[in-house]
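An overview of the molecular structure
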Amino acid sequence: MVAKEPCGHGIDGLNFHHLVEKYYGPSATTSQSHSGIINFLLANGVVGTLLLVIFLGSLVRLGWLGFYRRDSLPGFFLTMLVLGFFFRGMWDDIWRDSMLEEFAFLTMFLFCWCRGIHV
C-alpha cells in the first residue's frame, strides 16, 4: 500500500483501514496495522517518514554528544527517550494524539536542558 500511496494518504486514525478497503475491498476485521511506522508511512508518505527519521536521528546525535562530550545526563535521557519512542513505535501505534504530544514536550524540554537554554 505504501508503493500505491508514496505521498501518503493523510493523517487519520483509521488510514490503514481506509486503504485496505480502497485497494482490497471491505474488511470487517482490519481496523489498524498496530505498527506506528506503517501507519506513519501511510499517513505521511515516504518523504515524511524520512524527514521524521532524520529529525529523530539528529536528536539522538545531539543527546549522545551532550552526554559523551559534556557529561550531560539530560543528553543521555534525550537519547534514550528518542530511541525508546522510535523503537516502540515500530510495533505499537504511538505516533499520534496525546502520546506524540508528551513525546514532543519531553523531547524539547530535554533538548533545551542539553543546550543550556533557559526557558
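Cut-offs used in this document
Each residue is numbered by its place in its chain's sequence as written, counting from 1. Given that the model is predicted, a residue must reach a pLDDT of at least 70 before its local features are reported, and side-chain atom pairs must reach 80 or more before they are shown or counted; all residues, however, enter totals for whole chains, interfaces and linings. With hydrogens and water stripped out, all remaining heavy atoms of the structure feed into the side-chain values. Each helix corresponds to a stretch of at least 4 residues labelled H or I by DSSP, and each strand to a stretch of at least 2 residues labelled E; elements are numbered beginning at the N terminus. Think of it in three bands: with a 1.4 Å probe and only protein chains considered, a residue is buried below 20% of the maximum accessible area for its type, exposed above 50%, and partly exposed in between. In this analysis an axis means a line fitted to C-alpha atoms, helices contributing only their contacting stretch, and an angle means the value between N-to-C directions, from 0 to 180 degrees. Our angle categories are set so that under 35 degrees counts as roughly parallel, over 145 as roughly antiparallel, 65 to 115 as roughly perpendicular, and the remainder as oblique. When the near helix sits turned anticlockwise from the far one by under a right angle, the crossing is termed left-handed; a clockwise turn instead gives a right-handed crossing. Should any heavy atoms of two residues lie within 4.5 Å, those residues are considered in contact. Three categories are distinguished: nonpolar for Ala, Val, Leu, Ile, Met, Phe, Trp, Tyr, Cys and Pro, charged for Asp, Glu, Lys and Arg, and polar for the others, with Gly belonging to the last. Put simply, a nonpolar core is a bunch of buried Ala, Val, Leu, Ile, Met, Phe, Trp, Tyr and Cys residues held in one set by side-chain atoms that sit within 4.5 Å of each other. Every residue gets a pLDDT, meaning the predictor's confidence in that residue, from 0 to 100.

Here the focus is unusual backbone geometry. Negative phi characterises most residues that are not glycine, and trans characterises most peptide bonds. In this model, Asp71 sits at a positive phi of 50°, which is unusual for a non-glycine residue. Mapped onto the fold, Asp71 is located in the loop between helix 2 (36-70) and helix 3 (73-91).

The next subject is the environment of Cys114. Tracing the backbone through its elements, the reader meets Cys114 in helix 4 (residues 97-115). The exposure class assigned to Cys114 is buried, which follows from its relative accessible area of 6%. On a C-alpha basis, the gap between Cys114 and Lys22 in space is 46 Å, while along the polypeptide they are 92 residues apart.

Running from amino to carboxyl end, helix 3 crosses helix 4 at an angle of 155°, the nearest separation of the two axes being 9 Å. The angle between the axes of helix 3 and helix 4 places the two elements in the roughly antiparallel class. Seen from above, helix 3 lies across helix 4 with left-handed handedness. Contact residues: helix 3 offers Pro74, Gly75, Phe77, Leu78, Leu81, Val82 and Phe85, while helix 4 offers Met99, Leu100, Phe103, Leu106, Thr107, Leu110, Phe111, Trp113 and Cys114. Its residues assigned to classes, the contact of helix 3 with helix 4 shows 14 nonpolar, two polar and no charged.

Our next topic: the nonpolar core. Core analysis: the largest hydrophobic core is formed by 16 residues, its most contacted members being Leu52, Leu56, Leu78, Val82, Phe85, Trp95 and Phe103. Mapped onto this core, the elements with two or more residues apiece are helix 2, helix 3 and helix 4. With seven residues, helix 2 is the largest single contributor of residues to this core. If near-sequence neighbours (up to four positions away) are discounted, Leu78 is found in contact with Leu59, Leu62, Gly63, Thr107, Leu110, Phe111 and Cys114.

Right, let's get into the confidence of the model for the protein. For the protein, the average pLDDT comes to 83, and 91% of its residues sit at 70 or higher. Model confidence for the protein, summarised as mean pLDDT per element, is weakest for helix 1 (residues 15-24) at 76 and strongest for helix 3 at 91.

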